[in-house]
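Coordinate inspection notes
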Amino acid sequence: MKLIERFLKYVSFDTQSCETTGTNPSTPKQFALGEYLRDELTAMGLQDVELTDKCYLYATLPANTGENVPTVGFIAHMDTSPDASGENVKPSIVHYEGGDILLNAEKQIVMSPSDFPEMENYIGEDLIVTDGTTLLGADDKAGIAEIVSGIAYLQSHPEIKHGKIRVGFTPDEEIGCGADFFDVEKFGCDWAYTFDGGEVGELEFENFNAASGKVDFIGRNVHPGYAKDKMINALRMAITFADLLPRQEVPECTEGYEGFFHLMDIHGSVEEAQVRYIIRDHDRQKFEDRKTLFLETAKKVAEMYGCDRVVPEVKDSYYNMLEMLTGNMYVVDIAKEAMLQCGVTPKVRPIRGGTDGARLSFMGLPCPNIFAGGLNFHGRFEFVPVLAMEKAMMTMVNIAKIVAEKN
């Protein structure tokens, strides 16, 4: 099976994860893709193929050289984002000549470079797009297809010497739980790479420090005609809290290394309300300061409303992997060299988010992130250039080759 055939097959599985179920994996439908991949890797002749009861898939491509070569891992995630439907994905391949792309004639859904100027970087290339009603799933089924196809390429080219290679596919990365039950010891690698980045050439070894924050507001409802000095409006408290946080320190006003407070959800009634945030910063001290400000703001709202009915909670999600990679930059240098060998210019940039690799790095597995090729993740205008996927696959192959050569 070819790279693009694999990808189109993988996106046919609805693997959307969910933050609220409290189960592992968060949605049982992720097992459908896990089982398919397990059977595919087994049929390819990989060893140690295992799908765990938490939906983590591991496999081994044995070394084809007698040298004592380090064991390297390649990792991608099976789930898609809760932000948009991943059910009944209808991808198509469009040869892009510029201008708008009509994704859905019936609903007149158009993807335009006026909204997504990065489209113009791919004029003359084949793009895999959606029908405008679902996400595509390139995040991160493109990564899975590239890794599996890279393994197949190495199998069909035995002249390329490589050490032992481990493959790991995880659930629930999109809800921050992809590393929860990842068995680093069983994986048994000296280091690894996630293929979960965006446009061709992306190489990331810095990411946000991240936390989730929520505040519960407990109000008191009274008939509005008799509410004076009695009613405590929980919704009004929630709005006040949001207004007190720095208004320019939000995703839509920040870039690069700038952190933010992102309001994810606000709901409730006069009687009770809740806000949910994600808190991000690359700098560890600024990250700690943001969490402190979040809690102090909740306290301020309680003081403003003269009540003890404000209950905040902050929970760390992951940290900046740069802390763990500083002494292991050869891992990054190998990825750069692998890209250059297949004609890709590395684009080193901080991740304005996180990957499984961030947490895995703190679990003892250095794990920078490499491009998978997709753009406009988490929405119905997601697309991936075919050439970018091919370059990602060959970057993986080159990493395996370079590691053996350098040893």
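Bear in mind that the values here come from a model prediction, so they are computed numbers and not experimental data.

**Some details on the packing of helix α2 (residues 30-43) against helix α3 (residues 138-156)**
Direction vectors running N to C along α2 and α3 enclose 10°, while the axes themselves pass 12 Å from each other. Regarding the angle of α2 to α3, the classification is roughly parallel. On the side of α2, the interface is formed by Leu33, Leu37, Glu40 and Leu41, while α3 contributes Lys141, Ile144 and Val148. Looking at the contact of α2 with α3, its residues break down into five nonpolar, no polar and two charged.

**Brief notes about the nonpolar core**
One broad trend across soluble globular proteins is that nonpolar side chains are buried collectively. Phe7, Phe74, Ile144, Phe169, Tyr193, Ile370 and Met389 are the most contacted members of the largest nonpolar core, which totals 69 residues. If we ignore the near neighbours within four places in the chain, the residues touching phenylalanine 74 are Ile147, Ile165, Arg166, Val167, Gly168, Phe187, Tyr193, Phe195, Met396 and Ile399. With 21 residues, the next largest nonpolar core counts Phe217, Ile232, Ala238 and Leu245 among its residues.

**Here's the deal with the sheet that holds strand β4 (residues 92-95)**
Reading across the sheet, the three strands line up as β4-β7-β17 and stay open at both edges, with antiparallel pairing between neighbours. In the strand order of this sheet, the two ends are held by β4 and β17 (383-385), each with one partner. In this sheet, adjacent strand axes meet at a mean angle of 30° when their direction is disregarded. With four bridges joining them, β4 and strand β7 (residues 126-129) adopt antiparallel strand pairing. The partner of isoleucine 93 across the bridge, within β7, is isoleucine 128.

**Topic: the sheet that holds strand β14 (residues 310-318)**
Strand order across the open sheet formed by four strands is β12-β13-β11-β14, with antiparallel pairing between neighbours. Edge positions in the sheet fall to β12 (260-268) and β14, since each has one partner strand and no second. Across the sheet, the mean angle separating the axes of adjacent strands is 15° when strand polarity is ignored. Pairing analysis gives ten bridges linking strand β11 (residues 209-218) to strand β13 (residues 272-281), with the strands arranged antiparallel. Paired with isoleucine 218 across the strands is glutamate 272, a residue of β13. Together, β11, β12, β13 and β14 form the strand contacts of helix α6 (residues 284-304), whose direction differs from that of β14 by roughly 165°.

**Here's the deal with the state of the cysteines**
Overall, the coordinates contain zero disulfides when judged by the stated rule. The cysteine cysteine 342 is free of any disulfide, with cysteine 367 supplying the nearest cysteine sulfur at 19 Å. On the accessibility criterion, cysteine 342 (12% relative accessible area) is buried.

**Here's the deal with a nonpolar patch on the surface**
Together, Ile239, Leu263 and Ile266 make up an exposed nonpolar region whose accessible area comes to about 230 Å². Residue placement: isoleucine 266 occurs in strand β12.

**Brief notes about the environment of serine 85**
Along the chain, serine 85 turns up in the loop between β3 (72-77) and β4. Exposure remark for serine 85: the relative accessible area of 34% places this residue in the partly exposed category. On a C-alpha basis, the gap between serine 85 and alanine 43 in space is 31 Å, while along the polypeptide they are 42 residues apart. Setting aside residues up to four positions removed in sequence, serine 85 forms contacts with Gln16, Thr134 and Leu135. Within the structure, the side chain of serine 85 is placed 3.2 Å from the backbone nitrogen of glutamate 87, a separation counted as a polar contact.

**Let's talk about unusual backbone geometry**
Cis geometry marks the peptide bond from asparagine 24 to proline 25; its omega dihedral reads 0°. A cis amide bond links aspartate 139 to the next residue, aspartate 140, at an omega of 15°. By secondary structure assignment, the location of aspartate 140 is in helix α3. If you check the backbone angles, glutamine 108 has positive phi at about 55° while not being a glycine. With respect to the helices and strands, the residue glutamine 108 is situated in the loop between β5 (101-104) and β6 (109-111). Even without being glycine, histidine 378 reaches a positive phi, approximately 75°. Tracing the backbone shows histidine 378 in the loop between β16 (369-371) and β17.

**Some points on the packing of helix α1 (residues 3-10) against α2**
Packed helices, taken two at a time, are described by their axes: the angle between them and the distance between them. Taken N-terminus to C-terminus, the directions of α1 and α2 make an angle of 150°; their axes are 11 Å apart at the nearest point. Considering their axes alone, α1 and α2 lie roughly antiparallel with respect to each other. In this structure, α1 contributes Arg6, Lys9 and Tyr10 to the contact, and α2 contributes Leu33, Tyr36, Leu37 and Glu40. For the contact of α1 with α2, the residue count by class is four nonpolar, no polar and three charged.

**Here we look at α2**
With 14 residues, α2 extends 20 Å from end C-alpha to end C-alpha; this agrees with the ideal 20 Å at 1.5 Å per step. Within the sequence span of α2, burial applies to Gln30, Leu33, Gly34, Leu37, Glu40 and Leu41. Axial view of α2: buried residues confined to an arc of 130°, hence all on one face. The positive-phi residue at the C-terminal boundary of α2 is glycine 45, with phi of around 95°.

Calculation criteria
Residues numbered from 1 in each chain as written. Predicted model: local features only at pLDDT ≥ 70, side-chain atom pairs only at ≥ 80, totals over all residues. Heavy atoms only, no water. Axes fitted to C-alpha atoms, helices over the stretch in contact; angles between N-to-C directions. Helix = DSSP H or I, 4+ residues; strand = E, 2+ residues; numbered from the N terminus. Parallel < 35°, antiparallel > 145°, perpendicular 65-115°, else oblique. Contact = heavy atoms within 4.5 Å. Nonpolar A, V, L, I, M, F, W, Y, C, P; charged D, E, K, R; others polar. Core = buried A, V, L, I, M, F, W, Y, C linked by side-chain atoms within 4.5 Å. Buried < 20%, exposed > 50% of the residue type's maximum accessible area, 1.4 Å probe, protein only. Pairing = 2+ DSSP bridges. Disulfide = S-S within 2.5 Å. Patch = residues over 30% accessible without salt bridge, like charges linked within 9 Å, V, L, I, M, F, W, Y side chains within 5 Å. Areas by Shrake-Rupley, 256 points an atom, 1.4 Å probe, with all protein chains shown as cover. Salt bridge = Lys/Arg side-chain N within 4 Å of Asp/Glu carboxyl O. Polar contact = N/O pair within 3.5 Å; in protein donor to acceptor, adjacent residues only side chain to side chain. Expected span 1.5 Å × (residues − 1). Arc of directions from axis to C-beta.

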